[in-house]
Protein chains: 2
Amino acid sequence: MSSSKTPAGEKKPADRPYHHGDLRRAILGAALDVIAADGPSALSLRDLARRAGVSHAAPAHHFKDRAGLLTAIAAEGFGLLATTLREAADLQGAGVHYVRFAREHPAHFQVMFAPGLLRDGDLELATARALAGDALRDAVTAVPPEGRGTDARLAGVAAWSLAHGFATLLLSHNLDGPVGDQDPEEVFRELATMLFRAGE
Amino acid sequence: MSSSKTPAGEKKPADRPYHHGDLRRAILGAALDVIAADGPSALSLRDLARRAGVSHAAPAHHFKDRAGLLTAIAAEGFGLLATTLREAADLQGAGVHYVRFAREHPAHFQVMFAPGLLRDGDLELATARALAGDALRDAVTAVPPEGRGTDARLAGVAAWSLAHGFATLLLSHNLDGPVGDQDPEEVFRELATMLFRAGE
DNA sequence: GGGCAATCTTGTCAGTGACAAGTTATGCGG
DNA sequence: CCGCATAACTTGTCACTGACAAGATTGCCC
């Protein structure tokens, strides 16, 4: 209200150094908070700008538009997922890591599999996605095909579907009943053991 | 602007009978089209109103707000899913029906599992959801526990995760590569056979 | 220290969701 | 057949949002 621009005890404009320093990271962080709390649809570029203490048009300079921001988040997510999957010892471990990733990075996970919000043609996204795909493929083919003679392609789809479905239902609170207060990753491990080693 | 209300050669207001007849159904149908094409985020109440040829505030009378519309769609979806699951012969059949449902009603399916867009407290939604849950539970417990001694709860989560993951990845075009031009339902059937009958 | 590009700001416009208040049709009791 | 309560729809408005354009500020490199 007061039009005085004295830099004394003002709130906003005084100590803001015009160049934020790492606005891109700040926006990303705020966006992840919002998405984890209320989903991607609750995300507003102007709100993120307010949280970062910058003007309403600042985010556009780093992400172009809404889809650009979400695409960047998705790409980051696929990169993180690829790293996580590489750390797994075997196929079952990869599944557990997949579920853990979804729980530890719910915002990333949601955005990664939300087509229509992403800029499909984005190069960075495609690269990261391919990286994660390779990691998953390697985890599948690394398992010796002793127990089961079926092709790796089908087994890969099965493993991915199982882990992805479990993670998705978990995040959407559809497993609150069946899983209860147990550790979801442990439940998934049992479940994978049951299915993939049924005959053994 | 022109105050003449002559019903002669006008465009909009002439043949519109003020009461649409079944506006609720018309809005729902248009919404399903839009969602199937561009996802729930591309949905605009005003656009739906335009498509139905009514004023921009008309939809609110039937659905209160955006969340109300999406909640109605989700409830309808769970009802349809319950019906579909009841028609399956066995657990594997239920899985196949689950995947088929996702393919035949992609808009419903997307909205049903999009938390944050739905009005969680809604009674109609909760009822329909419970109905579908019962149908799925019945499908799981109906299978004779001969082949596998593990509890039905775990098997239920496994079956649901597998079907849901497969359907989700399918709709998000993440299986375009592995599945190729094969019939997705047939692929899922093979996949389920492989996992659930591995030891047999 | 001078210019240049990246970064951020201000200003603006059309589109949207939500709400309030008015208008028109429908159906029901008398 | 009439009146009236109510459902169905309209018009008008407000705050908010995303996108864009043009200008201001700053760090940086030669």
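Refer to the structure above for everything that follows.
Here goes a summary of the coordinates provided.

**Concerning the environment of A:Phe166**
Among the structural elements, A:Phe166 can be located in helix α8 (residues 152–171). Owing to a relative accessible area of 0%, A:Phe166 belongs among the buried residues under this scheme. The spacing of A:Phe166 and A:Tyr98 is 68 residues in sequence and 9.7 Å in space, taken between C-alpha atoms. With sequence-adjacent residues up to four places away left out, A:Phe166 is seen in contact with A:Val99, A:Leu175, A:Val179, A:Pro184, A:Val187, A:Phe188, A:Leu191, B:Val157 and B:Ser161.

**Side note on the relation of the copies chain A and chain B**
The two copies are related by a screw motion: chain A maps onto chain B through a turn of 180 degrees and a shift of 0.0 Å along the axis, at an RMSD of 0.0 Å. What we have between these two chains is a two-fold relation. A share of 100% of interface residues in chain A that are also interface residues in chain B marks the association as one of identical surfaces.

**Side note on the pattern of salt bridges**
If the charged atoms of two oppositely charged side chains come close together, the side chains can form a pair. Residue and element names in this part refer to chain A. A full pass over the atoms with the stated rule returns 18 salt bridges over all chains. Salt-bridge contacts for glutamate 76 lead to arginine 25; the nearest nitrogen and oxygen are separated by 2.7 Å. One end of the pair, glutamate 76, is in helix α4 (residues 66–86); the other, arginine 25, is in helix α1 (residues 23–38), with 51 residues separating them in the sequence. Judged by its relative accessible area of 23%, glutamate 76 is partly exposed. Judged by relative accessible area, which is 37%, arginine 25 ranks as partly exposed. A single network of salt bridges, built from pairs that share partners, joins Arg100, Arg103, Asp183 and Glu185.

**Examining the side chain of B:Glu185**
Residue and element names in this part refer to chain B. As for its placement among the helices and strands, glutamate 185 is situated in helix α10 (residues 184–196). Looking at glutamate 185, the relative accessible area reads 12%, which means it is buried. Look past the residues within four positions of glutamate 185 in its chain and what remains in contact with it is Val96, Val99, Arg100 and Arg103.

**Notes on the side chain of B:Asn174**
Within the secondary structure layout, B:Asn174 lies in the loop between α8 (152–171) and α9 (176–179). In this structure the side chain of B:Asn174 is engaged in a polar contact, spanning 2.9 Å, whose partner is the side chain of B:Ser172.

**Looking at the packing of aromatic side chains**
All names here are of chain A. One pass over the structure, following the stated rule, counts eight aromatic pairs over all chains. Judged by centre distance (5.2 Å) and plane angle (55 degrees), the rings of phenylalanine 109 and phenylalanine 113 are tilted. Residue classification places phenylalanine 113 among the buried positions, given a relative accessible area of 12%. Taken together, the ring pairs in this structure connect Phe78, Tyr98, Phe109 and Phe113 into an aromatic cluster.

**Focus: the interface of chain A and chain B**
Tallying the contact residues gives 34 residues for chain A and 34 residues for chain B. In total, about 3,000 Å² of surface goes out of reach between chain A and chain B, with carbon and sulfur atoms giving 75% of it. For chain A, the biggest contributors to the area lost against chain B are A:Leu154, A:Met194 and A:Leu195; these three give 18% of the whole. Seen at the junction of chain A and chain B, the total is zero salt bridges. Remark: the boundary between chain A and chain B carries two residue pairs in polar contact (both at pLDDT 80 or more). Of all elements in the fold, only α8, α9 (176–179) and α10 (184–196) of chain A reach the threshold of two or more residues within the side of chain A that touches chain B. When residues in the side of chain A that touches chain B are grouped by element, the largest group, 13 residues, is from α8(A).

Calculation notes
- Residues numbered from 1 in each chain as written.
- Chains lettered and ligands numbered in written order.
- Predicted model: local features only at pLDDT ≥ 70, side-chain atom pairs only at ≥ 80, totals over all residues.
- Heavy atoms only, no water.
- Helix = DSSP H or I, 4+ residues; strand = E, 2+ residues; numbered from the N terminus.
- Buried < 20%, exposed > 50% of the residue type's maximum accessible area, 1.4 Å probe, protein only.
- Contact = heavy atoms within 4.5 Å.
- Least-squares fit on C-alpha atoms with pLDDT ≥ 70 in both.
- Salt bridge = Lys/Arg side-chain N within 4 Å of Asp/Glu carboxyl O.
- Polar contact = N/O pair within 3.5 Å; in protein donor to acceptor, adjacent residues only side chain to side chain.
- Phe/Tyr/Trp six-rings, centres within 6.5 Å; stacked < 30°, edge-to-face > 60°.
- Buried area = accessible area lost by both parts, 1.4 Å probe.

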